[in-house]
Amino acid sequence: MLELRFIRENIELVKAKTAKRGLDTAMLDRFMAIDARRLAILSEVEGLKNRRNTASKEIADFKKAADHASAEPLILEMKEANSRIKELDEELSAVQESLQDIVMSVPNLCDDSVPEGRDDSDNIEVRTWGDKPSFSFTPKAHWDIGVELGVLDFERAAKISGSRFALLSGQAARMERALANFMLDLHTGEHGYTEILPPYLVNTPSMTATGQLPKFEEDLFKIKDWDLYLIPTAEVPVTNIHRDETLEERDLPLKYTAFTPCFRSEAGSYGRDTRGLIRQHQFNKVELVKFTTPESSFDELESLLANAEKVLQLLGLHYRVVTLCSGDLGFSATKTYDIEVWLPGQEAYREISSCSNFLDFQARRGAVRYRPEGEKKSKLVHTLNGSGLAVGRTLVAIMENYQQEDGSIGVPDVLKPYVESRL
RNA sequence: GGAGAGGUGACCGAGUGGCUUAAGGUGCACGCCUGGAACGCGUGUGUACGCGAGUACCGUGAGUUCGAAUCUCACCCUCUCCGCCA
């Protein structure tokens, strides 16, 4: 969420940045009109309330002096003023509600370094790491490898749950677990993150703070008869750890990592990625979340990205980093890097991590502040997060990159302790 | 599900209709003191909206009143005990 006053005072900038994302700016014109009405009501009703407050004190003084005759006309005056106050208050809350609806659906301003573009084809490659592996045979897609090995079962998953669910067994299930442990050990042991195991069901205020609500409810699974949603990413519960809190600057940056399942309805992606593990209603992810000062958030974005890249480097998987263009950028983010891993079975780079800086956009919605050293006024923190990594897609990458001609799958060296300790 | 207790500022905690513009304490900031620190003393210390005077905010929402943290109603949450249960 952007600050109301900022929108009012920088309306042309906000419109330009919203247009850069390829979005309609008509709502911003409505914002200006409604906001003007709001200010007019505010000035009238606050004047009346001021009068009421002073009159109430006068009445109290008269009553104390047992001078009921002098108090009477004031009481009558206030009875009349109150009916006008009630009128204005009602209009004010209606106006504020529609203003709130608009402000909550205005996306974050994209950073100046974000390239202008329409969709993912306009994303800009920043760098690549490693090389595409070469094969003496034609590499297969992971769904063929997995089904042939008997470790991926999509048919039974469909029977149990439906489409876009998977059943992992044996080596695949164990490797998924090994990957999660490996990633968590790396981020907690080497990168200084604190491990979190959060709730997987969260309420409306939490979903609103991080930006999933009110605009993207159709992407979420909701629990019937409860104010609870299945998390689409650990970003939601972990960022909400400090909702409505004031942190101390010396404690920043706060760095958390969490391994959780993620649940997404994938509404509107009907024909896409129907085979394999790439696009599921349920998948596992190790998430990285940071709370920082405004001064350091862009540096922290670079190190967050480096922390995520490290996972792929240690696994020996070729990837590239892209900067998302304005049209592909998420609603709450000011800048996002995607890491795309190479999948030889599909001869394509596929997103395996998304690392974003949200500036104070989520912090304002969730009221996450910090007190700068030596200052008395608190400020909003900056929040960041990124996948470190999507575990299911990492499993896919290993299956496709480490496949052998005989149909078996090699185990990356760093993963061997995790896999073998389970045997 | 049944019974009871409670939700007040960064934190603890007083406060049952108008000297509450929320006591007191802790923490924090600044100043004094000190060679430097601790201790001590003093001052200050929330959020939102508004150019500002100011207005609003004591779990949430509605109500009573000239006036509500304080009274009424509904709801939410936390804790304790009982029941059920992984």
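Residues numbered from 1 in each chain as written. Chains lettered and ligands numbered in written order. Predicted model: local features only at pLDDT ≥ 70, side-chain atom pairs only at ≥ 80, totals over all residues. Heavy atoms only, no water.

Caption draft 1: Structural detail: the domain arrangement of chain A. You can read the domains of chain A as domain 1 (4–104) and domain 2 (120–420). Using only C-alpha atoms to locate each centre, domain 1 and domain 2 end up separated by 44 Å. (Domains from an automatic or database assignment.)

Caption draft 2: Structural context of the protein's contact with RNA strand B. Surveying the vicinity of RNA strand B reveals 20 residues, the closest of which are R8, R38, K79, N82 and S378. By atom count, sugar and phosphate contribute 76% of the portion of RNA strand B lying within 4 Å of the protein. Separating a phosphate oxygen of RNA strand B from a side-chain N or O atom of N50 is a distance of 2.9 Å. One of the side-chain nitrogen or oxygen atoms of K79 is found 3.3 Å away from a phosphate oxygen of RNA strand B. At the level of secondary structure, the elements contributing two or more residues to the surface near RNA strand B comprise α1 (4–9), α3 (26–64) and α4 (68–104). Counting residues per element, the surface near RNA strand B draws most heavily on α3, at 11 residues. (Near = heavy atom within 4 Å. Polar contact = N/O pair within 3.5 Å; in protein donor to acceptor, adjacent residues only side chain to side chain. Helix = DSSP H or I, 4+ residues; strand = E, 2+ residues; numbered from the N terminus.)

Caption draft 3: Quick peek at the nonpolar core. Counting 44 residues, the largest nonpolar core has L179, M183, L312, L315, I339, I398 and L415 as its most contacted members. No other element matches helix α7 (residues 170–189), which puts 8 residues into this core. Ignoring anything within four residues of it in the chain, the contact list for L312 reads W129, L317, Y319, I339, V341, I352 and L389. Counting residues in hydrophobic clusters, the runner-up holds 23 residues, among them V14, L28, I85 and F361. (Core = buried A, V, L, I, M, F, W, Y, C linked by side-chain atoms within 4.5 Å. Buried < 20%, exposed > 50% of the residue type's maximum accessible area, 1.4 Å probe, protein only. Contact = heavy atoms within 4.5 Å.)

Caption draft 4: The arrangement of the pattern of salt bridges in detail. For the structure shown, the criterion picks out 25 salt bridges. The partner of E87 in a salt bridge is R84, and the shortest N-O contact between them spans 2.7 Å. Note that E87 and R84 are positioned in helix α4 at a spacing of 3 residues, about one turn of the helix. Taking the relative accessible area as the measure of exposure, E87 reaches 48% and is therefore partly exposed. The salt bridge partner of R156 is D153, with a shortest N-O separation of 2.8 Å. According to the relative accessible area criterion, D153 is buried, its value standing at 17%. Here the salt bridges do not stand alone but share partners, grouping E266, D273, R279 and R350 into one network. (Salt bridge = Lys/Arg side-chain N within 4 Å of Asp/Glu carboxyl O.)

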